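Here are the chains, one letter per residue:
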Number of protein chains: 2
Amino acid sequence: MAKRIYNFNAGPSTLPLDVLKIVQDELLDYRGTGMSVMEISHRSAQFDEINEAAISLTRELMGLDESYHVLFMGGGASTQFGLIPMNFLRDGQTGAYVDTGTWSSKAIKECEIQGKMHLAGSSKKDNYTFIPKMADLDVPADAAYLHITSNNTIKGTQYHSWPKVSVPLIVDMSSDIMSRQLDHTMFSMMYAGAQKNLGPSGATMVVIKDDLLQTCKDGNPTMLDYRTHASKKSLYNTPPAFGIYIIKLVLEWVKNQGGLAAVEKVNRAKQERLYQAIDLNNDFYRGPVQKDSRSWMNVCFRLPTEDLEKKFIAEATAAGFGGLKGHRSVGGCRASIYNAMTLEGCEKLAEFMQNFKKAN
Amino acid sequence: MAKRIYNFNAGPSTLPLDVLKIVQDELLDYRGTGMSVMEISHRSAQFDEINEAAISLTRELMGLDESYHVLFMGGGASTQFGLIPMNFLRDGQTGAYVDTGTWSSKAIKECEIQGKMHLAGSSKKDNYTFIPKMADLDVPADAAYLHITSNNTIKGTQYHSWPKVSVPLIVDMSSDIMSRQLDHTMFSMMYAGAQKNLGPSGATMVVIKDDLLQTCKDGNPTMLDYRTHASKKSLYNTPPAFGIYIIKLVLEWVKNQGGLAAVEKVNRAKQERLYQAIDLNNDFYRGPVQKDSRSWMNVCFRLPTEDLEKKFIAEATAAGFGGLKGHRSVGGCRASIYNAMTLEGCEKLAEFMQNFKKAN
């Protein structure tokens, strides 16, 4: 029996144990083929079935029809930051961005490298402690697109309402994709590095509406043009096949629980439990984020002193709670509670927080 | 006990069984961490150790010093086709290429999209059945680089001598990296999709000499600039971590066998056994490639008729030899015998070929 900790890593992060057990079980012989899934051809019937299932499960769970392409690419979300203006920003056009933290800022930088960027909103001067009000956003009607970051892993904020815009809405969903019910048809493009809610790092999911896809600019390198991947269902070249295989297993796991409605219910309970532990002990724990912008995925909190934070993290680690250190750029503590983290894990952590406060 | 076939797939392809067993064994709990290696942070001490080991084993096995950077990127070799001119081809400069088949042609196309391409040599009009003579290559002295494809998986040809040029020599080694002893210092850049000799698809190894790296052009998207990856040892963003982990295990496996000298010895014996089976039965089997250009990695052969080829592949599959169908673009048969294919596998296949001839 493998020892397993409660893994609160921000990403790569915990995966469903049921999925890992399947992977382990069929690692030397994928379903009677006599080969590992890593050893089968991406042109084989077996892999085609995996790829098709990953695509159709994505559409099904998100409530999308075939006007949305589902792609699996390499390079992480950071590569998408560059590909978005490369594909969609035409000469003289502007890309509109909302700046809600580190990842938004990196996306913005890539737009500035390639063309004109327009800042539609920002919470930078308030240290990114909230998501700007949607009514306050300033989006030029002729912008090529509006780019937002739906969840901010480092600061622990998340969108709970959405901009209504006439330009294509592009969202970096790396850290909260498939975590709640949404009308996904409001987005023209959604993308996510797999390593939080979907699978291992090295595969990036890109969901892109056909009418946006058709506007890709000509003249880019073949592999950097979204149309290449869409036209071949990500099989123009050898895709990150093992990652797609795990994504497919994770999406089956999501579906078996009852889809995004069921996942949202558990995620709601998980974050409530942890924010409660903070709010009911606010003489000791402090959540730096405005309540209406709190992330359901990354619960950030501070303790009275940095020494106590160190002690908290050390004792939590010893007690089997891993990954609670805040991002190196901000310090403090952070519990990342993506889909695969159990309610039990959050309850145990809340209990630990309570006990730690009593003892210190 | 898992059933395992003799897997002659062209890529993704067979991996060392010893490596797969380690992966399986530690899949739920990586070395006492209580997490899968897919669940640990890429900023953790555990992953850092994996990454550093993969880098230093690469240098050690190839006989390179620290003037070579070892990067692990996403997107496959096909993405590198575009990144090479993007990084190294300056306005007015020419990229020189040798065309030895499908993959070279794709690399050439990406140069033509971005700038001026000069054809230094080609075997296209002879259906790519050989590697052009090195003395016949025409490389402009002011070319930005010369690009070659060291092994051609589809046609089954391989370089056995090397161009001597004053411009940087860039080689796509996707299908024969780490398969033989070479003076690797003759190359300024080597790259390879992992899925043949190194690991699973989704990770691409790029080995690049510092003096070439320093010539990268400014103004490209951050993730498409090699310097980004080199300066952070591939950890600017979350890398394809699971792929790097397996690459590290495969490189340890190579080292434990005695390094590239030992691997070359086995690979020499493997290809000899199969080409012998063809040549000694040349009233039945036919190798379309000129003998001095034969690939040690992909042994291509034809049978008297296409019907016999179908029968051969069907009976071989039934007998436990997988992946023997030639590439869809050329037909025929192909045995891909990368490092992880055993000599025993090749001997059994040679025996099967002999018996099949007798019976047909």
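Quick caveat: nothing in here was measured; it's all calculated off a predicted structure.

Moving on to the packing of helix α9 (residues 306-318) of chain A against helix α10 (residues 343-359) of chain A. Residue and element names in this part refer to chain A. Taken N-terminus to C-terminus, the directions of α9 and α10 make an angle of 130°; their axes are 11 Å apart at the nearest point. Put simply, α9 runs oblique to α10. Our pair here, α9 against α10, has a crossing hand that is right-handed. Side by side, α9 and α10 meet where Leu308, Lys311, Phe312, Glu315 and Ala316 of the first sit next to Phe352, Met353 and Phe356 of the second.

Interfaces are often sized by the amount of accessible area the parts lose when they come together. If you look at the interface, chain A gives 62 residues, while chain B gives 62 residues. Interface area for chain A against chain B, summed over the two sides, is near 4800 Å², with a carbon-plus-sulfur share of 57%. A per-residue breakdown of the area chain A buries against chain B is headed by Leu28(A), Met38(A) and Glu39(A), which together make up 15% of the total. There are 29 residue pairs in polar contact (both at pLDDT 80 or more) connecting chain A and chain B. Those elements giving two or more residues to the side of chain A that touches chain B turn out to be α1 (17-25), α3 (76-88), α4 (102-114) and α7 (241-257) of chain A.

A few words now on the pattern of salt bridges. Residues and elements named next belong to chain A. On inspection of all chains with the given rule, the structure shows 31 salt bridges over all chains. Its salt-bridge partner being arginine 302, residue glutamate 309 comes within 2.7 Å of it at the nearest N-O pair. A single salt-bridge network, built from bridges that share partners, covers Asp218, Asp225 and Arg227.

With that settled, consider the packing of aromatic side chains. For any pair of aromatic rings, the description rests on two quantities: the centre-to-centre distance and the angle between the ring planes. Counted by the stated rule, this structure contains 37 aromatic pairs over all chains. Where Phe284(A) meets Tyr285(A), the ring centres are 4.9 Å apart and the plane angle is 85°; that geometry is what we call edge-to-face. Pairwise contacts between aromatic rings join Tyr6(A), Phe8(A), Phe284(A), Tyr285(A), Phe301(A), Phe312(A), Phe321(A), Phe352(A) and Phe356(A) into one cluster. For Lys106(A), the ring lying beneath its charged end belongs to Tyr236(B), and the centroid distance is 4.3 Å.

Residue and element names in this part refer to chain A. In this structure, strand β3 (residues 94-99) lies alongside strand β4 (residues 116-122), joined through 6 bridges in parallel fashion. Bridge pairing in β4 links valine 98 to glycine 121. For the crossover that starts at β3, traverses α4 and ends in the parallel β4, the hand is right-handed.

Below, the discussion takes up the sheet that holds strand β4 (residues 116-122) of chain B. Residue and element names in this part refer to chain B. As summarised here, the arrangement of the 7 strands in space is β2-β10-β9-β8-β5-β3-β4, forming an open sheet in which the pairing is mixed. Only two strands of the sheet have a single neighbouring strand rather than two, namely β2 (68-73) and β4. Ignoring which end each strand starts from, the neighbouring axes of this sheet average 20° apart. Where β2 meets strand β10 (residues 204-209), 6 bridges bridge the pair, whose relative direction is antiparallel. When the sheet's bridge partners are listed, phenylalanine 72 is paired in β10 with methionine 205. Contacts from helix α2 (residues 45-62) reach β2, β9 (189-193) and β10, with the element oriented near 130° to β2.

The next point concerns the sheet that holds β3(A). All names here are of chain A. Sheet architecture is open: 7 strands sit in the order β2-β10-β9-β8-β5-β3-β4, paired in mixed fashion. In this open sheet, the two edge strands, each paired with only one partner strand, are β2 (68-73) and β4. Strand-to-strand twist in this sheet, taken as the mean axis angle between neighbours without regard to direction, amounts to 20°. The sheet contacts of α3 involve β2, β3, β5 (145-149), β8 (169-172), β9 (189-193) and β10 (204-209), and relative to β9 the element is tilted by about 155°. Packed on one face of the sheet, α4 meets β3, β4, β5 and β8 and runs near 165° to β3.

Two numbers describe a pair of packed helices, the interaxial angle and the distance between the axes. Residues and elements named next belong to chain B. At their nearest, the axes of helix α3 (residues 76-88) and helix α4 (residues 102-114) sit 8 Å apart, and the two run at 35° to each other. Relative to α4, the crossing made by α3 is right-handed. Between α3 and α4, the contacting residues are Ser78, Phe81, Gly82, Pro85 and Met86 on the first element and Trp103, Lys106, Ala107, Glu110, Cys111 and Gln114 on the second. Looking at the contact of α3 with α4 residue by residue, the classes come out as 6 nonpolar, 3 polar and 2 charged.

Here we come to the domain arrangement of chain A. All names here are of chain A. Partitioning chain A into structural domains gives domain 1 (30-257) and domain 2 (259-359). Here the C-alpha centroids of domain 1 and domain 2 sit 27 Å apart. Listed as interface residues are 28 residues of domain 1 and, on the opposing side, 26 residues of domain 2. The contact between domain 1 and domain 2 buries some 2300 Å² in all, and 54% of this surface belongs to carbon and sulfur atoms. For the pair domain 1 and domain 2, the number of links is 1 salt bridge. Here lysine 133 and aspartate 292 are joined by a salt bridge, their closest N and O atoms 3.7 Å apart. In this structure, the connection of domain 1 to domain 2 is made through 15 residue pairs in polar contact (both at pLDDT 80 or more). Breaking the side of domain 1 that touches domain 2 down by element, the ones donating at least two residues are β6 (151-152), β7 (157-158) and α7.

Let us look at the relation of the copies chain A and chain B. In the superposition of chain A on chain B (RMSD 0.0 Å, axial shift 0.0 Å), the rotation amounts to 180°. What the superposition gives is, in effect, a two-fold axis relating one chain to the other. In terms of proximity to the rotation axis, the leading residue of chain A is Gly74(A), whose C-alpha is 2.3 Å off the axis. Same-surface contact between copies: 100% of interface residues of chain A are shared with the interface of chain B.

A few words on the side chain of Thr14(B). Tracing the chain through its elements places Thr14(B) in the loop between β1 (6-7) and α1 (17-25). The exposure class assigned to Thr14(B) is buried, which follows from its relative accessible area of 9%. Only 3.4 Å separates the side chain of Thr14(B) from the side chain of Glu39(A), close enough to count as a polar contact. Apart from residues lying up to four places away in sequence, Thr14(B) is in contact with Glu39(A), Arg4(B), Asn7(B), Lys196(B), Ala340(B) and Met341(B).

A few words on α1(B). All names here are of chain B. Residues Val19, Leu20 and Val23 constitute the buried set of α1. Looking down the long axis of α1, one finds its buried residues gathered within 95° of arc, a one-sided arrangement. In the core, the buried residues of α1 are packed alongside α7 (241-257).

Criteria and cut-off values
Residues numbered from 1 in each chain as written. Chains lettered and ligands numbered in written order. Predicted model: local features only at pLDDT ≥ 70, side-chain atom pairs only at ≥ 80, totals over all residues. Heavy atoms only, no water. Axes fitted to C-alpha atoms, helices over the stretch in contact; angles between N-to-C directions. Helix = DSSP H or I, 4+ residues; strand = E, 2+ residues; numbered from the N terminus. Parallel < 35°, antiparallel > 145°, perpendicular 65-115°, else oblique. Left-handed = near helix turned anticlockwise from the far one by under 90°. Contact = heavy atoms within 4.5 Å. Buried area = accessible area lost by both parts, 1.4 Å probe. Polar contact = N/O pair within 3.5 Å; in protein donor to acceptor, adjacent residues only side chain to side chain. Salt bridge = Lys/Arg side-chain N within 4 Å of Asp/Glu carboxyl O. Phe/Tyr/Trp six-rings, centres within 6.5 Å; stacked < 30°, edge-to-face > 60°. Lys NZ or Arg CZ within 6 Å of the ring centre and 35° of its normal. Pairing = 2+ DSSP bridges. Right-handed = clockwise from strand over helix to strand, strands pointing away. Nonpolar A, V, L, I, M, F, W, Y, C, P; charged D, E, K, R; others polar. Domains from an automatic or database assignment. Least-squares fit on C-alpha atoms with pLDDT ≥ 70 in both. Buried < 20%, exposed > 50% of the residue type's maximum accessible area, 1.4 Å probe, protein only. Arc of directions from axis to C-beta.

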